[in-house]
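Structural characterization, general
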Amino acid sequence: MRVGFIGECMSELREAENGLLSQGFAGDTYNSAVYMKRTFPQHDVYYISAVGKDALSDEMVMHAVNEGINPRFIGRHEDKHLGLYRIYTDDTGERSFVYWRSDSAAKSMMQTLDSNDIAAMTAFDMVLFSGISLAIINEEDLSTYFSLLTRLKSAGVKLVFDINHRPSLWKSKDDAKRLYAKAYELADIILPGIEDFNFLYGIDTIDETLKFLSDYTFDEVIIKNGSDAVTVINQQGDISQVPLTPVKNVVDTTSAGDAFNGVYLGARLDDSSQKEAVEKASKSAGFVIQHKGAIVDATAYSLFSKNLTLSLIHISEPT
């Protein structure tokens, strides 16, 4: 399967030992792309964004290549650069961020894509975009961005939307809700979180969320609610809940939802049921939050992923 992820990858700074900082690369949809490719290497994963022509941008592209992600649709901007952010975590593993992204090339990604790029994207099986990617796109490029999404949908590409709302990126709630409404209309699969809906619409229960979403048509809805059960709805409208096992050793919650998204979608493309996909995705997220930074060490994750696959095969065997 060919899967595209639209968004912004930035340079990540996080605390290391002895007061030093460790530098890596991360961003919500980029993290999802990495975890999908690591867990399901059979899928062809592409990242859709823009970077500069500086050395740090070169490093980011090489990072993607080393992760097995195809950089075909990572454009190069003449004057802009890679964004940067710093992670801070408290004693419970909850994170906060400081950003330096006002001159990020990703904001102008639509200007780096030509007609050949857009035509090639219609061959994707699935594309994920998020509220963050909507927030950062230059206002003058939003119509082109939605035209791209509309063309992909018309070509039969499954569109996946993760709200992942970040208030600091928006001028107002109304601006966010206006663009999110367009995203709901286009999306085939949606991955909302109760926290996002509570902040935006004053909704704080599963029933209220389902009522809100009933105005739209989706193939799948996956509602995340912290450590509580994940609610899933299939194309027929059947609703079920998949319980989660809480993680006790929480080190850094950065990228928990990103890992969930990448692994869930990868599992679904690999013909797993919704329940199996949620189980695998939640275990991946649980592993990620026991490590510092958005993207955990590749060797450690590889071992985890192999063990996870074996455990799920064992569980699925008939008794």
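Keep in mind that what you see is a predicted model, and the values were worked out from it rather than measured.

1. Concerning the sheet that holds strand S3 (residues 21-26)
With mixed pairing, the four strands of this open sheet are ordered in space as S3-S2-S6-S7. Strands at the two margins of the open sheet, each flanked by one partner only, are S3 and strand S7 (95-100). The sheet shows a mean angle of 25° between the axes of neighbouring strands, direction not considered. As defined by bridge partners, strand S2 (residues 10-15) adjoins strand S6 (residues 84-89) across three bridges and the pair is classed as parallel. Counterpart to Glu12 in the pairing with S6 is Tyr85. Set on the sheet, helix H2 (residues 55-66) makes contact with S2 and S3; between it and S3 the angle comes to about 65°.

2. Observations regarding the sheet that holds strand S9 (residues 158-162)
Taken in spatial order, the nine strands line up as S5-S4-S1-S8-S9-S10-S11-S12-S13 in an open sheet, and their pairing is mixed. The sheet terminates laterally at strand S5 (70-76) and strand S13 (239-242), the two strands that pair on one side only. Here strand S1 (residues 2-6) runs beside strand S4 (residues 44-51); their pairing, made up of five bridges, is parallel. Looking at S4, one finds that Arg2 is bridged to Asp44. Running at roughly 145° to S9, helix H6 (residues 173-186) makes contact with strand S8 (126-130), S9 and strand S10 (189-190) of the sheet.

3. Things to note about the nonpolar core
Ranked by size, the top nonpolar core spans 51 residues in total, and within it Tyr30, Met60 and Tyr264 carry the most contacts. Aside from chain neighbours lying at most four places away, what touches Tyr264 is Leu191, Glu220, Ile222, Gln274, Ala277, Val278 and Ala281. In this structure, Ile118, Ala176, Ile190 and Phe218 belong to the second largest nonpolar core, which totals 50 residues.

4. Quick notes on a nonpolar patch on the surface
Nonpolar side chains collect at one region of the surface, where Tyr88, Val98 and Trp100 lie side by side and expose about 310 Å² of accessible area between them. Residue placement: Trp100 occurs in strand S7.

5. Describing the pattern of salt bridges
With the rule as written, the count across this model stands at 14 salt bridges. For Glu220, the salt bridge goes to Arg268, with nearest N and O atoms at 2.7 Å. You can see Glu220 sitting in strand S11 (residues 220-223) and its partner Arg268 sitting in helix H9 (residues 256-269), a full 48 residues away along the chain. We classify Arg268 as partly exposed; its relative accessible area is 26%.

6. Digging into the side chain of Asn261
Tracing the backbone through its elements, the reader meets Asn261 in helix H9. Beyond its immediate chain neighbours, meaning those up to four positions away, Asn261 contacts Ser32, Asp162, Leu191 and Lys224.

7. So, the environment of Val157
Relative to the helices and strands, Val157 is located in the loop between helix H5 (142-154) and S9. A sequence separation of 35 residues divides Val157 from Thr122, and the C-alpha atoms of the two residues are 6.7 Å apart. When near neighbours in sequence (up to four residues on either side) are disregarded, Val157 contacts Met121, Thr122, Phe124, Asp125, Met126, Val127, Leu152 and Asp188.

Parameters at a glance
- Residues numbered from 1 in each chain as written.
- Predicted model: local features only at pLDDT ≥ 70, side-chain atom pairs only at ≥ 80, totals over all residues.
- Heavy atoms only, no water.
- Pairing = 2+ DSSP bridges.
- Helix = DSSP H or I, 4+ residues; strand = E, 2+ residues; numbered from the N terminus.
- Axes fitted to C-alpha atoms, helices over the stretch in contact; angles between N-to-C directions.
- Contact = heavy atoms within 4.5 Å.
- Core = buried A, V, L, I, M, F, W, Y, C linked by side-chain atoms within 4.5 Å.
- Buried < 20%, exposed > 50% of the residue type's maximum accessible area, 1.4 Å probe, protein only.
- Patch = residues over 30% accessible without salt bridge, like charges linked within 9 Å, V, L, I, M, F, W, Y side chains within 5 Å.
- Areas by Shrake-Rupley, 256 points an atom, 1.4 Å probe, with all protein chains shown as cover.
- Salt bridge = Lys/Arg side-chain N within 4 Å of Asp/Glu carboxyl O.

Shape descriptors only; they carry no functional weight alone.
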